[in-house]
Amino acid sequence: WVRASDVLSALVLRCEQHLPLCHPTTLCAMLDLAGALTESDRVEIATSVLGKVIDMLSSFLSDLESLFFDQCYARAFYEDNPNQVVFFDENVDAVSMMQAFTSNLRTNL
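On a predicted model such as this, the values are computed, not experimentally measured, just so you know. (Residues numbered from 1 in each chain as written. Predicted model: local features only at pLDDT ≥ 70, side-chain atom pairs only at ≥ 80, totals over all residues. Heavy atoms only, no water.)

**Side note on helix H1 (residues 2–18)**
With 17 residues, H1 extends 25 Å between its outermost C-alpha atoms, agreeing within 8% with the 24 Å of an ideal straight helix rising 1.5 Å per residue. Within the sequence span of H1, burial applies to Ser5, Leu8, Val12 and Cys15. Around the axis of H1, the buried residues are gathered within 80° of arc, so they sit on the same side. Residues of H1 that are exposed and point more than 90 degrees away from the buried face comprise Arg3, Val7, Arg14, Gln17 and His18. (Helix = DSSP H or I, 4+ residues; strand = E, 2+ residues; numbered from the N terminus. Expected span 1.5 Å × (residues − 1). Buried < 20%, exposed > 50% of the residue type's maximum accessible area, 1.4 Å probe, protein only. Arc of directions from axis to C-beta.)

**Digging into the packing of helix H2 (residues 24–39) against helix H3 (residues 43–78)**
Between H2 and H3, whose axes approach to 8 Å, the crossing angle comes to 160°. As judged from the angle between their axes, H2 and H3 are roughly antiparallel. Handedness of the crossing formed by H2 with H3: left-handed. Seen from H2, the contacting residues are Thr26, Leu27, Met30, Leu31, Leu33, Ala34, Leu37 and Thr38; seen from H3, they are Val43, Ile45, Ala46, Val49, Leu50, Lys52, Val53, Met56 and Leu57. When grouped by side-chain class, the residues that make up the contact of H2 with H3 number 14 nonpolar, two polar and one charged. (Axes fitted to C-alpha atoms, helices over the stretch in contact; angles between N-to-C directions. Parallel < 35°, antiparallel > 145°, perpendicular 65-115°, else oblique. Left-handed = near helix turned anticlockwise from the far one by under 90°. Contact = heavy atoms within 4.5 Å. Nonpolar A, V, L, I, M, F, W, Y, C, P; charged D, E, K, R; others polar.)

**Quick notes on the nonpolar core**
Counting residues in each nonpolar core, the largest one holds 20 residues, and the members touching the most others are Cys22, Leu27, Met30, Leu33, Val49 and Phe101. Looking at this core, the elements that each hand over two or more residues are H1, H2, H3 and helix H4 (94–108). Broken down by element, this core gets its largest block of residues, eight residues, from H2. The contact partners of leucine 33, leaving out residues within four places of it in the chain, are Ser5, Leu8, Ser9, Val12 and Val49. (Core = buried A, V, L, I, M, F, W, Y, C linked by side-chain atoms within 4.5 Å.)

**Notes on the packing of aromatic side chains**
In this structure the tally under the stated criterion is two aromatic pairs. Judged by centre distance (4.6 Å) and plane angle (40°), the ring pair of phenylalanine 60 and phenylalanine 101 falls under tilted. Placement of phenylalanine 60 in helix H3 and of phenylalanine 101 in helix H4 is noted, with a sequence separation of 41 residues between them. On the basis of relative accessibility, which here comes to 7%, the residue phenylalanine 101 falls in the buried class. Taking the centre distance of 5.1 Å and the plane angle of 80° together, the rings of phenylalanine 68 and phenylalanine 69 count as edge-to-face. (Phe/Tyr/Trp six-rings, centres within 6.5 Å; stacked < 30°, edge-to-face > 60°.)

**Things to note about the environment of valine 7**
When you line up the elements, valine 7 lands in helix H1. Valine 7 sits in the exposed class, given a relative accessible area of 58%.

These figures come from the coordinates and say nothing about function on their own.
Encoded structure:
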């Protein structure tokens, strides 16, 4: 398990360097790393890795939730307002982003 955790640590570092923040592949690699660390009796480090996963996922979901409700609010209050000062990129859809994320995460798990 020690060697497995070394390999998974290297994988997590590569993921963090080359993939977007909170990518499903990174999260899954971190979960695998936490499991390997736990099996090799390095529970304190595993707990730290799990905490980071929870923080990353929590932040990502919070950002998507904010985007979703901001878009809903803008549609409800500014759609027919000629004095509109708030604009959103119409190509960004919080629900589609969440669906894609969960689909990728499910595939990686």
